[in-house]
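One letter stands for each residue in the lines below.
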Amino acid sequence: MVSSEDMLAGLRERLGPDLTSQSKDPENTFTINTRKERVREVARYLIGEVQGRLIHVSVIDRGLDGYEVVYHYSLDHLEKNLHINVKVLLPADEPEVESVSLEAPESSWSEREMMEFTPVRFINHPDPRHLWLPHEWPNPVESEKYNPVERNGVLPPQATYPKNSEASLIPLGPYHPLLIEGAYFRVKFDGEEITDADVKLGWNHRGIMKLFESRSYTRGVSLAERVCGICNVTHTTAYLNAVESLSGIEIPDRARYIRTLMAELERVHSHLLWLGVAGDLIGFKTLFMLSWKVREQVLDVFESVTGSRRAPAMNLIGGVRKDVSSENIKKTERRLGGMRREVERLIDITYNHPVVRKRLQDIGRLDLAAAKNAGAVGPTARASGWKLDTRSSSPYAAYEYATWDVVTDGGGDAWARTIVRLKEILVSIDISTQCLEALNHSGGPTSIEPVDPKDFKLSEALGKAEAPRGELVYYIVSDGTNIPHSVRIRTPSFRNNALIPNLLKGHTLADAPIIVGSIDPCYSCTDRTVIVQDSRRGTIWKTALIDLASVRSR
Amino acid sequence: MTPTVTSFEGALLLLLVSFFLGVLYSYEVRKISARLQSRRGPWLLVPKSLRKTLGTTRLFQPLYDIIKLLYKQSIIPETARTRLFKTAPLIALTCLGAAAILTPLAGYSPFASFELSLVAVLYLLLGVPLAFVLGGAVSSSPWGVVGSQREAELVLAYETPFVIGVFTVAVMADTLSIQSIVAAQISRYPYLLLNPFSAAAVFLAIVGKLHLKPFDIPEAEVEVVAGPMTEYSGRLLGLIEIGKVLFTSISISLFIDLFLAGGMIPELGYPLVALIFILEGFLVVSLITLVHTLNPRFRIDQAFRWYLKVPTLLSALGLAWAYSLRYLHTAILWG
Amino acid sequence: MLKPVTVNYPAERLPDEFTKTLEEIRGKHRFDEDKCVGCGACSLVCSSGAITVSDSQDQRVLKVEVARCIFCGRCRDICPEKGLELTSEFELSQTGSRGEDCVKVEQKISMRRCEGCGRPTFPTKQIDSVKTRVLDKIDPSSKETASRDLEVYVKYCLDCRRTRSYAFNIHPRKSY
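Rules and cut-offs
Residues numbered from 1 in each chain as written. Chains lettered and ligands numbered in written order. Predicted model: local features only at pLDDT ≥ 70, side-chain atom pairs only at ≥ 80, totals over all residues. Helix = DSSP H or I, 4+ residues; strand = E, 2+ residues; numbered from the N terminus. Buried ≥ 20, exposed ≤ 12 C-beta atoms within 10 Å, placed from the backbone. Domains from an automatic or database assignment. Contact = placed C-beta atoms within 7 Å. Nonpolar A, V, L, I, M, F, W, Y, C, P; charged D, E, K, R; others polar. Pairing = 2+ DSSP bridges. Axes fitted to C-alpha atoms, helices over the stretch in contact; angles between N-to-C directions.

Caption draft 1: Spotlight on the overall build of chain A. Check the secondary structure of chain A and you find 19 helices and 17 strands. Evaluated residue by residue, chain A yields a buried proportion of 50% over its 554 residues.

Right, dumping it as structure tokens:
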């Protein structure tokens, strides 16, 4: 284990004169600038020797100065909150840099996303296809050279007859009852066994990062809340962690407790939702109804405390919007006690039902080395024995004041992921009870005045939070106005969805839903409307699409 | 006591009664599984403010769903084999219609004199999986093909305990006519008490036949959208749903005839016997619903292995038990 | 397990004591006729642009398009007069989000006309409210001068004030 000074010394030693500048901000985030030829070496050092994680690659458009590629490394296994941003400035007329995903496969999706949004090319990337745009669009995107006939990479689903059932291609998606939202898994079958799989997302893309860049910081809180329907509070918490780092303010203690309470209740609700969905995916509709019955009680707590079941709009810059009254605290404590008993009953049902075990054990195995290689986060990583939790390694809100444990399990299969999530519900109820006690005994303000953006202490900041699905990262760059210059979001499902094709291989079609479901994918979080354009006729209208659809059937 | 009318009208009446009983059994499955899941299910008594629009009761909700399907358009994929696609539900319906007429319902059977009704019904009931496999395979949808494969595998799994169990009953009654089996039980005891092993084996096989959990594998919507029936819509789907309802009714009637003496208690008059038959039907359906609600779905290979272990062994045990009973019977009672 | 948790909606609704405790629900807007002064702060802070302000000769109309609202509650929080509240009416479905039959909430305030050019300036209530607030907070020694100047200020629109500023002896560097 290396300390942060040793790490910096090691970097300085390796890069020598190529390390052009270095700074540190009060949040324990280092920034170094270097030349583009050394990025792979830095990655090799920070990931191989220091055992850090490359959490995201962002590209910030600096106008006439060029494009700034920022590699965000998280070294919070060394010290709390330790991050390092490695920046490379590329000239605007030749924005090329070598891809880091050969050293760190976990960054491959981040680089693909940035290649779609900006003209930066990551050369020698092992999989440079589009991530959000349809595969048929030109790559790189150049509007004059659109050719609808050339389709690179994707085959349409084929009709199969029994006689040529050697290797059939079955489309799981974009519309399939196993998926909650749109996603496309193209799977190759041999009978019932899956021999190959590929994933294509982008069906839910709403352009949120672009929307952030045209709205002020206060309106951005509402926008962050609506990235995902399940993890609203966590998105606002991560966004506000970043904005409060930029402002250099510390929120009062009471606000910390309330934010933690909201986040933990959200985790309970999300894991109960997942339990129901996992039950539905193995065909256990009764577990689905029962676990969502318990989840209704959490949503009732949200409604009575904040006024809205989901999108509670409780967080704002500088703290929380309103206080939790003592009567609400008493009601919530009682509810949590009752909920704990019911959750234990649900855990009983899941553990002891023989068919549930048969369907979940030995399915979708992800061992520790593969998890570290692919950069899994959240309960998916914790179920492979990796003790990775943002709440303990980069604490925010009141997680340092409460006593709790990180839940891990060594199994690595869908059963282990179920166990980890079920135990986390109990841990979250525990933390919520501790927060409620603290709120009962203390007073104080619930928010402090936000700072005018022209007085921001920093010009960029990283905000992290632990969503129910894993580590959520917001990277905000400000230019002194009240509208952010750039916002880059890396959601946990962005990492976990990349694991799915490898997990599917070797299993049968019957296991595909539960493998996909055990990762707890949140496609809304991953994507951020597709317009079909025909270069001869312009935009295809809805009526023409309907005509096309009706040609195929009688 | 029982009318023995072998006429066309009698058979048609039996078919209709069978269908309506099937609708009631479908309703019961939905209602009981909803109540076990803390939901409400279709209304038995509609709340007062909605009675004008919805009527007093929604007891025939499955029938309304079928009627709705029957007046909708059927969309057939271009690459499907249309004639076979349209014929598959008709094959199922024909076989089921014939099986319904041959199975006695509350003692009434227009073909009571047919000596081989048990064998005929067993073969006719195989027409339903045949129709599913055929319809799925020609529907030119990858889901149809996978669903057909699963249906074929499942039939192999559950048919063995079913056939062995049913023939055990024939061995015990020494006849192959269902009406005579019912008569044999009336004079002694219901075969549920004499041979619970075969009853259990046939019960578990029926759960598989009706595509109820844990064996609703061919129609698992999270895996194969709707299996063999994915591309069916409108009128054709309505015909398949009619087939499913009839299938439920025939299977339950068969179970009651073979193991519960067909509801016939000799001392009671005819209307009461019919009531007892229906009540026994509801009881069996509620047991099936309990199994259906409290279980997730098996994988097809797990289902196959399970069927080979538990129900087949039970049915073999039942067969051995039946033969030993026969020997004891002849040795002790007649002997 | 047997007792249903669902309610026969719409024949039954949740019992009253359940909904009474949920007065926090953010539902449809309601402008308080007396308190709202028509300043339009709600429209400026609205996250989704659901509140629009349109001025005509005689009145200012504040319109809330309920279909665009995301029920964040910022409008209620920022209203300086506490004249906008979010009721607990949440059954707001409609068939289209545009057009005359969509659900909307409107508030009409009468505007004061400029005595110089006749164009509408500000809502009368807003002018009164601003006058009260300024005179409340200003240093007592300058109160008299301020109230005299305010009387002249409010009669004219911005352009007319500019053209007459020398004659009225009101200029920005006059210290209070």
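So that's the structure; there's more coming.
Caption draft 2: Representation of the domain arrangement of chain A in the model. All names here are of chain A. Examined at the domain level, chain A breaks down into domain 1 (4-144) and domain 2 (208-526). Computed from C-alpha atoms alone, the centre-to-centre distance between domain 1 and domain 2 is 27 Å. Taken together, the 18 residues of domain 1 in the interface contact 19 residues of domain 2. If you list the elements that add at least two residues to the side of domain 1 that touches domain 2, you get β3 (53-61) and α3 (108-117). Tallied by class, residues from the side of domain 1 that touches domain 2 come to four nonpolar, eight polar and six charged.

Caption draft 3: View of the interface of chain A and chain C. Contacts between the two partners involve nine residues from chain A and, on the opposite side, eleven residues from chain C. Mapped onto the side of chain A that touches chain C, the elements with two or more residues apiece are α5 (217-225) and α8 (285-306) of chain A. Tallying contributions element by element places α8 of chain A first for the side of chain A that touches chain C, with four residues. Counted by class, the side of chain A that touches chain C contains one nonpolar, five polar and three charged residues.

Caption draft 4: Region of interest: the sheet that holds strand β14 (residues 470-477) of chain A. Residue and element names in this part refer to chain A. Taken in spatial order, the three strands line up as β13-β14-β15 in an open sheet, and their pairing is antiparallel. This sheet does not close on itself; its edge strands, each paired only once, are β13 (460-467) and β15 (486-490). Across the sheet, the mean angle from the axis of one strand to that of its neighbour is 15 degrees, orientation sign disregarded. Sheet analysis places β14 next to β15, joined by five bridges and oriented antiparallel. Note that in β15 the partner of Tyr475 across the bridge is Arg488. This element, helix α6 (residues 232-247), spans β13 and β14 of the sheet and lies at about 155 degrees to β13.

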